[in-house]
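# A look at the structure
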Amino acid sequence: MALDQATIDQLAASPVGPGKLLIDGESLDGAGGTSAVLSPIDGRQLTTLASASPADVARACASARAAFEDGRWSRMAPAGRKAVLHRLADLIDKHAAELAVLGVRDNGTEISMALKAEPGSAAGTFRYYAEAIDKVYGEVAPTPSNVLALVHREPVGVVGAIVPWNFPLMIGSWKIAPALAMGNSVVLKPAETASLSLLRLAGLALEAGIPPGVFNVVTGPGRVTGEALALSPDVDVLVFTGSGATGRRLLQYSAQSNLKRCYLELGGKSPNVVFADAPDLCAAAKAAANAIFRNAGQVCVAGSRLLVEASIHDAFVAELAEATRKMTVGNPLQFETQVGAVNSLVQLEGNLGFVADATREGGKIVTGGKRALEETGGWYMEPTIVTGVRPEHRLFREEVFGPVLAVTSFSDEAEALRLANASDFGLAAGVWTANLSRAHRMIRGIRAGVVHVNTYGGVDVTVPLAGTKQSGNGADKSLHALEKYTDLKTAWIQL
Ligand code: ADP
């Protein structure tokens, strides 16, 4: 559906009701009170959000457990689950504009990107896993003839999902859709600053026919609501996307409680490597800008470290800076905006702190570096390019999760590879070269879950996103993701 600005404006003018918990199919207040939801667009209060207390979380988990045990979803015929998830995908499409606008008002992503990356990809993800339901088979093992051995793939039980604020519907669906497809129950904890569109999704899930209790949502602070979910003895598997610091805590909570399996996606500091023999340096410069500045850099796979061959460094940086200055920073609800709002004031201050540290350490700001559009009351930042960044600098090592690009030059392929891998993270990478052998050497050499060649981003649900090193473990997307949401069970039968 082609949407015009007037439709977006109309949706954005409607009041937003309070965000409540969804437990056992009922919309409830939380015992932890409420918090104000501020819109990053103008810093004003959008609505309130319920805070689930540990007791609320326990109730949500118990409801998910009861639903799992009585089989209302877990033992529904595969064709039945498939039909329900298809209906949900259709409802997401039907409400795409509403979902996207609600999400943007909550988290600040550009509407042009949000429409595709949020309801667009969520609907596609639910369809993908709906289709997988009746195509995943068990196994018959090659045993001696006096034995029959069957390998069943069973749902794990209750899945706890803790998700971040940058792409709530997309990342949420990457976890919720395969978990539900395999027959599990889910308790979801969205981020405090991006819960509203996921709550709406959960409402649509009920409408689609997912039985009450199978998909519960608890909102509230990470250190209260999220912690209670991660400690719950009723949660069998915990899936998470967010910061490394929280990921470490989740492993501790698992150890302190029931040893639930934890799958963590923890961001990155992804190298985008441009060789002098790239097929189109102009296209590479534009893509490099998009790879770090869209959604104000709040993208886990963002190409946040640009490594450029020394012989083209100055010319490439000039081209990149020109492309960057042309990007429209502003109200994310406007279609022409390319760089939307920073999600929170805390995040914005953190971004500016990175820039201050980078200049102190000897980096040079080529463009940007400051807060933008302060008069709106919202949280915006100029897309920022810093050159002369070295491996010991903070900007080289730590994830900003904002519109700040670190540029480092290299002299040959060996140095490019060494710099690309000089990171604790290993989520994504880009390589720009017309040399096929070099491209393959780099693909093999770079430790990352995805290596883009002569492009950056745009990978779809058919392929896994699986971090290495401190970027996490386990895959989101593709059929590989199903492994997280199923247990293998062997039946060994004497004939
Ligand atoms: P970011 O720094 O990008 O906000 P976080 O890791 O803090 O990333 O947040 C990602 C998700 O983790 C959010 O839903 C947040 O509420 C949740 N979270 C934060 N701290 C904890 C915690 N101690 N236990 C469980 N969940 C948490």
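Thresholds, definitions, all that
Residues numbered from 1 in each chain as written. Predicted model: local features only at pLDDT ≥ 70, side-chain atom pairs only at ≥ 80, totals over all residues. Heavy atoms only, no water. Pairing = 2+ DSSP bridges. Helix = DSSP H or I, 4+ residues; strand = E, 2+ residues; numbered from the N terminus. Axes fitted to C-alpha atoms, helices over the stretch in contact; angles between N-to-C directions. Contact = heavy atoms within 4.5 Å. Phe/Tyr/Trp six-rings, centres within 6.5 Å; stacked < 30°, edge-to-face > 60°. Buried < 20%, exposed > 50% of the residue type's maximum accessible area, 1.4 Å probe, protein only. Domains from an automatic or database assignment. Buried area = accessible area lost by both parts, 1.4 Å probe. Near = heavy atom within 4 Å. Polar contact = N/O pair within 3.5 Å; in protein donor to acceptor, adjacent residues only side chain to side chain. Areas by Shrake-Rupley, 256 points an atom, 1.4 Å probe, with all protein chains shown as cover. Nonpolar A, V, L, I, M, F, W, Y, C, P; charged D, E, K, R; others polar. Patch = residues over 30% accessible without salt bridge, like charges linked within 9 Å, V, L, I, M, F, W, Y side chains within 5 Å. Salt bridge = Lys/Arg side-chain N within 4 Å of Asp/Glu carboxyl O. Parallel < 35°, antiparallel > 145°, perpendicular 65-115°, else oblique. Left-handed = near helix turned anticlockwise from the far one by under 90°.

Turning to the sheet that holds strand β14 (residues 364–367), a few remarks are in order. If you walk across this open sheet you meet the 7 strands as β14-β17-β18-β13-β12-β20-β21, and the pairing is mixed. The outermost strands of the open sheet, each flanked by one partner alone, are β14 and β21 (450–453). Sheet twist, expressed as the average angle between the axes of neighbouring strands with direction ignored, equals 25 degrees. Helix-sheet contacts for helix α10 (residues 281–293) involve β12 (271–274), β13 (305–309), β17 (384–387), β18 (404–410) and β20 (428–432), and the interaxial angle to β18 is about 140 degrees.

The next subject is the sheet that holds strand β6 (residues 147–155). Taken in spatial order, the 3 strands line up as β5-β6-β25 in an open sheet, and their pairing is antiparallel. At either end of the open sheet lies a strand with only one pairing partner, and these are β5 (139–140) and β25 (486–494). Sheet analysis places β5 next to β6, joined by 2 bridges and oriented antiparallel. Within the sheet, the bridge partner assigned to Val140 lies in β6 and is Leu150.

Scanning the model with the defined rule gives 3 aromatic pairs in all. Between Trp165 and Phe401, the ring centres sit 5.3 Å apart and the planes meet at 80 degrees, which makes this aromatic pair edge-to-face. Of this pair, Trp165 sits in the loop between β7 (158–162) and α6 (168–181) while Phe401 sits in the loop between α13 (394–397) and β18; the two residues are 236 residues apart in sequence, bridging distant segments of the chain. Classification of Trp165 by relative accessible area gives buried; the value is 16%. Judged by its relative accessible area of 17%, Phe401 falls in the buried class. Taking the centre distance of 5.2 Å and the plane angle of 70 degrees together, the rings of Phe275 and Phe410 count as edge-to-face. A residue pair is termed long-range when its members are at least 10 positions apart, and Phe275 in the loop between β12 and α10 and Phe410 in strand β18 qualify at 135 residues. Both residues of the pair, Phe275 and Phe410, count as buried.

By the assigned domains, the protein chain splits into domain 1 (5–266 + 472–481 + 488–494) and domain 2 (271–459). Distance between the C-alpha centres of domain 1 and domain 2: 30 Å. Tallying the contact residues gives 29 residues for domain 1 and 29 residues for domain 2. In total, domain 1 and domain 2 occlude about 2,200 Å² of area from one another, counting both sides; carbon and sulfur atoms represent 59% of this. When residues of domain 1 are sorted by the area they lose upon contact with domain 2, Ile41, Glu110 and Trp165 head the list and together hold 27% of the total.

Let us now look at the site of the ligand. As a matter of local geometry, the ligand sits amid 19 residues, with Val163, Lys189, Glu192, Ser243 and Thr246 nearest to it. Within the side chain of Lys189, an N or O atom sits 2.7 Å from an oxygen atom of the ligand. Within the side chain of Glu192, a nitrogen or oxygen atom sits 2.7 Å from an oxygen atom of the ligand. Taking 540 Å² as the accessible area of the ligand by itself, protein coverage stands at 83%. Mapped onto the shell around the ligand, the elements with two or more residues apiece are α8 (222–231), β10 (237–241) and α9 (244–256). Residue composition of the shell around the ligand, by class: 8 nonpolar, 6 polar and 5 charged.

We now examine a nonpolar patch on the surface. Taken together, the side chains of Val140, Leu148, Ile493 and Leu495 define a hydrophobic patch exposed on the protein surface, amounting to about 360 Å² of accessible area. Here Ile493 shows up in strand β25. Since its relative accessible area comes to 32%, Ile493 is described here as partly exposed.

With that settled, the discussion passes to the packing of α8 against α9. Orientation of α8 relative to α9, taken along the N-to-C sense of each, is 45 degrees, at an axis distance of 8 Å. Considered as vectors, α8 and α9 are oriented oblique to each other. Handedness of the crossing formed by α8 with α9: right-handed. Judged by residue contacts, Arg223, Glu227, Ala230 and Leu231 of α8 engage Arg249, Leu250, Tyr253, Ser254 and Gln256 from α9. Partitioned by chemical class, the residues of the contact of α8 with α9 number 4 nonpolar, 2 polar and 3 charged.

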